[in-house]
Amino acid sequence: MVITSQKKHEEILKYLSSSKKIFIVGCGACATVCKTGGEEEVWQMEEFLSKNNKEITGDVVIDEVCHLLLTRRAFREHKEEIEKADTVLVMACGTGIQAVVASTSKKVYPVLDTLFIGVTKHIYEFQEWCNTCGECLLSETNGICPIARCPKHMLNGPCGGVVDGKCEIDPELDCPWILIYKRNKESLKKIHLPRDNSKRARPGILSLRGVR
Ligand code: SF4
Ligand code: SF4
């Protein structure tokens, strides 16, 4: 899941200073779980903008804004409301925002900051467990990722800073290398060689055409 947080309202109003009529796009997937861009947050944003003299021409919560085909279809279905707007405000991750840009020639502004890919540990509590390195080593680390879950990205750990299983950088954080060790005490005997960083070349592009 893509974890997002909302920008400060002052910042949003600043870049909307020349916008008068606004269409709002929310996301029914990750941003809904993060409570940053689901139906409730879209309503709250509408209320906030209306109080600040903006006219809302309409809104839509798309199942997955990052799914370009779904977003384009939603824009066709809401064509009239979008036509009336001078600006589209997007409550989705950075990928979703760009899917909207690819679907309209209107001005597009973001409401959210995109933070990381993570898990929901508890309600409203998220943690990064994968940073899309392109060469997954979970088969060698008992299913626990030291690259994403260690602040130093230690490929061979733990470092000397672990205290009672917790990380010296963030005492709230379980050191992944201790978790790896607890699952299999032989694990730390393997030395991990430097990684092939060409596999994490960006921009990431994958085409399954011809495969499926
Ligand atoms: S090793 Fe970690 S960062 Fe890389 S793909 Fe696997 S889970 Fe993601
Ligand atoms: S204590 Fe563990 S999680 Fe923290 S920096 Fe060292 S190896 Fe990484």
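The present account deals with the structure reproduced in this document. (Residues numbered from 1 in each chain as written. Chains lettered and ligands numbered in written order. Predicted model: local features only at pLDDT ≥ 70, side-chain atom pairs only at ≥ 80, totals over all residues.)

A closer look at the sheet that holds strand 2 (residues 21-27)
Argument step 1. Spatially, 3-2-4-5 is the arrangement adopted by the 4 strands of the open sheet, whose pairing is parallel. With partners counted over all chains shown, the strands left at the sheet margins are strand 3 (55-62) and strand 5 (107-110), one partner each. Each adjacent strand pair in this sheet contributes to an overall mean axis angle of 20 degrees, direction not counted.
Argument step 2. Two elements, strand 4 (residues 87-91) and strand 5, share 4 bridges in a ladder whose sense is parallel. Each residue of the ladder has a partner; that of Thr 87, found in strand 5, is Lys 107. (Pairing = 2+ DSSP bridges. Helix = DSSP H or I, 4+ residues; strand = E, 2+ residues; numbered from the N terminus. Axes fitted to C-alpha atoms, helices over the stretch in contact; angles between N-to-C directions.)

Remarks on the site of ligand 1
Argument step 1. Taken together, Cys 130, Asn 131, Thr 132, Cys 133, Cys 136, Leu 137, Leu 138, Cys 145, Ile 147 and Ala 148 make up all the residues around ligand 1.
Argument step 2. The class makeup of the residues in the shell around ligand 1 is 8 nonpolar, 2 polar and no charged. (Near = placed C-beta within 6 Å. Nonpolar A, V, L, I, M, F, W, Y, C, P; charged D, E, K, R; others polar.)

With respect to the environment of Gln 127
Argument step 1. Along the polypeptide, Gln 127 turns up in strand 7 (residues 125-128).
Argument step 2. C-alpha of Gln 127 to C-alpha of Ala 148: the two residues are 21 residues apart in sequence and 9.5 Å apart in space.
Argument step 3. Filtering out sequence-adjacent residues up to four positions away, Gln 127 remains in contact with Gly 118, Val 119 and Lys 121. (Contact = placed C-beta atoms within 7 Å.)

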